[in-house]
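Listed below, chain by chain, are the residues.
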Amino acid sequence: MRGPTEKELEGYTSPVYVYRAWCKGCGICVEFCPKNVLEIDDQNKCAVVRPQDCIKCKLCQLRCPDFAIIVDDGK
Amino acid sequence: MAFDRTAHKYLRKNFKMPTIWCSGCGIGIILGSIFKALEDLNMTGDNTVFVGGIGCSSRIPFYVDFDALHTTHGRPIAFATGVKFAKPDLNVVVVAGDGDTAAIGGNHFIHACRRNIDITLIVINNKIYGMTGGQYSPTTKSGEKTTTSPYGHIERSFDISKLAAAAGATYVARSSVYHVTHLDKIIKEAFAHKGMSVVEIMSPCWTTHGRRNRFKTPVEMYKWLKDNMIPLNAWEKLPEDKRAGKIPYGVFVNKKDIPEYCEAYYEHIIKPNLNKKRRDFSEDIEAMKIKLEIKAKEGWHV
Ligand SMILES: Cc1ncc(C[n+]2csc(CCOP(=O)(O)OP(=O)(O)O)c2C)c(N)n1
Ligand code: SF4
Ligand code: SF4
Ligand code: SF4
Ligand SMILES: [Mg+2]
């Protein structure tokens, strides 16, 4: 398994997680999120700024070219 | 919290991350779709092999934790044909760029389609030679600026899907990295299809193409795909004059009644000869050896 370790995800409660080490700040997820949940921060990485609005549509995860964003799929 | 970690599971373990692709490049999105199809169809390293050529697109096999061939520019389909022919039980997936497929490898491409050999070809169409810095490719549109067409391209472009269909591929579909759910669907269908399947995926290369053609960011290129790609059923109803500059997407060909090449070879060439007595060549070989020895004695270089 690549990406964040189980430990890094432990205790994380927001439905969207950004693995900053792989995010290239392209902004595709930000542009096409239907609920405006995401923003690019001052370090040019994706930040989850309005997690409460997320509808878990997973479009950000599907369109992230860098496997840097994962969404709770409720399973 | 339960996250879908499919991609993280299939990514090659001992390979440097993040990927080599530029920020906003579409190739990673296609890799993500491939991972999902592998998972859904139970394709594993034991039954699947990836083949790439040379180019940014052809880097995909590096990131899938399966056996893979990194071949020469233009030749991945030729190598894949050999793999499939030697081991017909394997799923063989080729990932190649528009240059790889339609320029240097154009003949391998059309003849694999004509034979209907059971290979899945994923063509990543960024309309440019990305890896070498942005020379025009056979899919560059008329008028577009590239390093080798600084005044705007004067040639017309190939339509990869039409070419595949005309050459005889039995599954042909087009999608884009914006239309991700559609992309997931056609990659899965192409993997499952028996026979030559070609999936053409429109994928932005901002670094060497968009930047020179008035796109301010990679995201602008994704918006362009959203606004200018039209589902096939809507495209068919569109009057000719409204089609200019637009690209149809969907499944163009899906035929199940054409014989697959390896199966036809088995049926018509291997099977009839299975129980045939082979000619015994041992006497001929002995006779040849004696002849060569005589010649050697006479001072011939043999
Ligand atoms: C025989 C040969 N000719 C030319 C090259 C130089 N070369 C490397 S990649 C490439 C084109 C890549 O374009 P494409 O296949 O569209 O892939 P992309 O990088 O756009 O994904 C070329 C011409 C080469 N490596 N080998
Ligand atoms: S899952 Fe959907 S709503 Fe939630 S952040 Fe991603 S794109 Fe936005
Ligand atoms: S799409 Fe992925 S790489 Fe791009 S900004 Fe979002 S999380 Fe980062
Ligand atoms: S040069 Fe173009 S195709 Fe190659 S990684 Fe960069 S954006 Fe992608
Ligand atoms: Mg290309």
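Remember, it's a predicted structure, so these values are computed and weren't measured experimentally. (Residues numbered from 1 in each chain as written. Chains lettered and ligands numbered in written order. Predicted model: local features only at pLDDT ≥ 70, side-chain atom pairs only at ≥ 80, totals over all residues. Heavy atoms only, no water.)

Asks: So what's going on with the overall build of chain B? Residues and values would help.
Replies: Assigned secondary structure in chain B consists of 12 helices and 10 strands. Counting across all 302 residues of chain B, residues that qualify as buried make up 50%. Accessible surface, chain B as shown: approximately 15400 Å² in total, 55% of it carbon and sulfur. Averaging the locations of the 42 positively and 31 negatively charged side chains of chain B gives two centres separated by 5 Å. (Helix = DSSP H or I, 4+ residues; strand = E, 2+ residues; numbered from the N terminus. Buried < 20%, exposed > 50% of the residue type's maximum accessible area, 1.4 Å probe, protein only. Areas by Shrake-Rupley, 256 points an atom, 1.4 Å probe, with all protein chains shown as cover. Lys, Arg positive; Asp, Glu negative; His and termini not counted. Charge placed at Lys NZ, Arg CZ, Asp CG, Glu CD.)

Asks: Give me the interface of chain A and chain B: which residues, what numbers.
Replies: Across the boundary between the two partners, chain A contributes 35 residues, which contact 36 residues of chain B. When the buried area of chain A at its contact with chain B is split by residue, Arg2(A), Leu62(A) and Phe67(A) rank highest and sum to 27% of it. Taken together, chain A and chain B are joined by 3 salt bridges. Its salt-bridge partner being Asp4(B), residue Lys58(A) comes within 3.0 Å of it at the nearest N-O pair. For the pair chain A and chain B, the interface holds 16 residue pairs in polar contact (both at pLDDT 80 or more). If you list the elements that add at least two residues to the side of chain A that touches chain B, you get α1 (6-9), α2 (28-32), α3 (59-63) and β4 (69-71) of chain A. The element best represented in the side of chain A that touches chain B is α3(A), accounting for 4 residues. (Contact = heavy atoms within 4.5 Å. Buried area = accessible area lost by both parts, 1.4 Å probe. Salt bridge = Lys/Arg side-chain N within 4 Å of Asp/Glu carboxyl O. Polar contact = N/O pair within 3.5 Å; in protein donor to acceptor, adjacent residues only side chain to side chain.)

Asks: Break down the coordination of the magnesium ion (ligand 5) for me, with residues and values.
Replies: Residues and elements named next belong to chain B. Summarising the metal site, the magnesium ion (ligand 5) is bound by the protein donors Asp98 (OD), Asn126 (OD1) and Ile128 (O), whose distances to it range over 2.1 to 2.3 Å. We note that the donor set of the magnesium ion (ligand 5) lies within a single chain, spaced as D-x27-N-x1-I. With Asp98 in helix α5 (residues 98-104) and Asn126 in the loop between β4 (119-125) and β5 (128-129), this residue pair connects regions lying 28 residues apart in the sequence. Here the two residues Asp98 and Asn126 agree in accessibility, since each one is buried. (Donors = N, O, S within 2.8 Å, 3.2 Å for Na, K, Ca; no water.)

Asks: Requested: an account of the site of ligand 1, with residues and values cited.
Replies: All names here are of chain B. For ligand 1, the set of nearby residues contains 16 residues, the closest of which are Cys56, Ser57, Gly99, Asp100 and Gly130. A distance of 2.8 Å is found between an oxygen atom of ligand 1 and a backbone nitrogen or oxygen belonging to Cys56. Broken down by secondary-structure element, the contributors of at least two residues to the shell around ligand 1 are α5 and β5. Per element, the largest residue contribution to the shell around ligand 1 is 4 residues, and it comes from α5. The residue inventory of the shell around ligand 1, partitioned by class, reads 6 nonpolar, 8 polar and 2 charged. (Near = heavy atom within 4 Å. Nonpolar A, V, L, I, M, F, W, Y, C, P; charged D, E, K, R; others polar.)

Asks: Explain the pairing of β4(B) to me, and be specific about the residues and the numbers.
Replies: Residues and elements named next belong to chain B. Among the 7 residues in β4, 7 count as buried, and that is most of the element. Here β4 shows no split at all, with Ile119, Leu121, Val123 and Asn125 on one side and Thr120, Ile122 and Ile124 on the other all buried. Sheet analysis places strand β3 (residues 91-97) next to β4, joined by 6 bridges and oriented parallel. Across the sheet, the residue bridging to Gly97 is Ile124, located in β4. Taken together, the 6 bridges between β4 and strand β8 (residues 197-202) define a ladder with parallel strand orientation. Bridge pairing in β8 places Ile124 opposite Ile201. (Pairing = 2+ DSSP bridges.)

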